[in-house]
Amino acid sequence: MRTRVIAGIVVPVVVLAGGAGYVWADAYDHVPGWVTVAVEPEPPAPFLSAAAVEPAPAPGTTLAALMDPSAPVPSASAVQALAQALRDDSRTGASTNVSVIDLITGEVLADVDASDGQVPASTTKLLTGIAAVAGLGPDFQIPTVARYDATRGEVALVAGGDMMLAADAGSKGDTSSTGAAWGGDMPAVGYAGLGDLADQVAAALAAEGVDSVKVVVDTAAFPGPAYPLEWPAYARTSGYAAPVTGLAVNVGKLTDDLYAPRANDPAAAAGDIFAERLTERGITAARAGTRLNATGIEVGAVLSAPLADQVAFMIHASDNTIAEVLSRVLSINMGYAGTPDAAAYAIIEQLAGLGVDTTGLSLYDGAGFSTRNRIPPRVLTEATRQAALNERTEGVFEWLAVAGLSGTLTDRFISTPGAGVMRAKTGSLTGVTSLAGVVMTADGRPLLFAALADGMPYGPVAPRQAVDEFVDALAQCGCSGQSAD
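Remember, it's a predicted structure, so these values are computed and weren't measured experimentally.

> I keep staring at the packing of aromatic side chains and nothing clicks. Help me out?
The description of an aromatic ring pair rests on the distance of the ring centres and on the angle between the ring planes. Summed over the entire model, instances satisfying the criterion amount to six aromatic pairs. Considering the side-chain rings of Tyr 240 and Tyr 259, the 5.1 Å spacing of their centres and the 90 degrees angle between planes classify their relative orientation as edge-to-face. Of this pair, Tyr 240 sits in the loop between helix 6 (233-237) and strand 9 (247-249) while Tyr 259 sits in the loop between strand 9 and helix 7 (266-280), and the two are 19 residues apart along the sequence. Overall, the relative accessible area of 1% leaves Tyr 240 in the buried class. Judged by relative accessible area, Tyr 259 falls into the buried class, the value being 15%. One aromatic cluster in this structure is built from Tyr 227, Trp 231, Tyr 234, Tyr 240, Tyr 259 and Phe 369. Over the ring of Tyr 364 we find Arg 372, and its NZ or CZ is 3.9 Å from the ring centre.

Put into structure tokens, the structure is as follows:
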């Protein structure tokens, strides 16, 4: 198992050290860091480009070295000094806490108030993903079911939690139309489709001689609030999040733009599209609102992408809506309610079940938009290590963006020591900058790190640079290490 875990940290690719700098503002993560609820949110930054340079091989991609547990462990005093320097940096400040541990042994290499809870921003999503897969398994698929009630003449589209449905045929994992937009293969988007569901339903109804129905939507499993009270209003109006209804086409987007406006009621919008698909297949379908806890016989069902693929999308794109809906799906399948409070409880319970000490962990949403969330950096590093050592969650590093190459790290670590040898989850809100993940040192030792800085009254650029330089220093670290034989 360890072979798979460690090999997943880096990628044997060519780093384009300049190239097109694809800036999409940390996708619901970076952009909120530029705005506050007190001012008008800024529009998404335009794409930037840089002059092309000669490509260079990604550092640290010799797989044999990654498998060697005898690779030197950095000196704890040296790593502690790097972490303390990050706190002392004028770009961060006293409210900067850091945890660094050795992946293989769990040895603590740096602890700068690592047990103190801080506002984590979107690094929350790392815990949400780990908890969801720990509780449900990497291959778990979310059903979207259609039920026919002959007495009412209704087909109910039942929300199961898949908010990435395709408007027509599902892709079944074909990434040809979705991969490039997210800096990598993202098979979860549009995996299941309403057109495929309509095929099943139309055939079942036709076999019974039914040629017209009313279409209702059933969101009883997701009682809400659909738009979390902890989330800022600008996230909804600026296209950074949609109401969490448990049923949607393309996360409720009204266009294919990255920051597209979202449907006010994504489930209702999906119902409208489903009625159109049925009509196209010879069943006259009229929309008729909502029917909670709909009864009737099942006449069709489609399954989402495997959960691990959904989590990879959620983390790479830092998608708030998918993070929150997955936390509620976890809660429902644990026998709790599909509410934000129950979902937060479910996440913490799953982490504790992995062996993580959750002392100091306080959650109010699964996405990290809540400024009341508190996560100690130690919890992030411990949770990542326990995930890597657990059979269900051992793919954790595959879910993370790669420095300089993919997801919310596409435009960071360009031509720096961390490029290609670090995977992480970013986080940014007003006054908050965070980063948590895994980095391979120059000596071939995998280290888990979490750096959280909050309470800063200025924008994210300067503190982000300081955090990135800290991670680059870890990547370069020989640091007077010694063999762990």
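> Sorry, what's going on with the sheet that holds strand 13 (residues 422-429) here?
Remark on secondary structure: sheet strands pair via backbone hydrogen bonds, oriented parallel or antiparallel. Taken together, the six strands give an open sheet; going across it, the order is 4-3-15-14-13-12, and neighbouring strands pair in antiparallel fashion. Unpaired on one side and paired on the other, strand 4 (108-112) and strand 12 (401-402) mark the two borders of the sheet.

> Sorry, what's going on with the state of the cysteines here?
In protein structure, a disulfide is the covalent linkage between the sulfur atoms of two cysteines. Applying the stated criterion to the full structure yields one disulfide. For Cys 477, the disulfide goes to Cys 479, at an S-S distance of 1.4 Å. With relative accessibility at 2%, the residue Cys 477 sits in the buried group.

> Would you explain the nonpolar core in this entry?
In summary, soluble globular proteins display a tendency toward joint burial of nonpolar side chains. If you look at the biggest cluster of nonpolar residues, it comprises 101 residues, and the most contacted ones within it are Ile 130, Val 201, Val 213, Phe 274, Leu 278, Ile 322 and Trp 399. Those residues within four positions of Val 213 in sequence are excluded, and the remaining contacts are Tyr 148, Gly 153, Val 155, Leu 205, Leu 278, Ile 283, Thr 284, Ala 285 and Ala 286. Counting 28 residues, the second-largest nonpolar core is a separate cluster that includes Val 73, Val 100, Ala 401 and Ala 451.

Basis of the calculations
Residues numbered from 1 in each chain as written. Predicted model: local features only at pLDDT ≥ 70, side-chain atom pairs only at ≥ 80, totals over all residues. Heavy atoms only, no water. Phe/Tyr/Trp six-rings, centres within 6.5 Å; stacked < 30°, edge-to-face > 60°. Helix = DSSP H or I, 4+ residues; strand = E, 2+ residues; numbered from the N terminus. Buried < 20%, exposed > 50% of the residue type's maximum accessible area, 1.4 Å probe, protein only. Lys NZ or Arg CZ within 6 Å of the ring centre and 35° of its normal. Pairing = 2+ DSSP bridges. Disulfide = S-S within 2.5 Å. Core = buried A, V, L, I, M, F, W, Y, C linked by side-chain atoms within 4.5 Å. Contact = heavy atoms within 4.5 Å.

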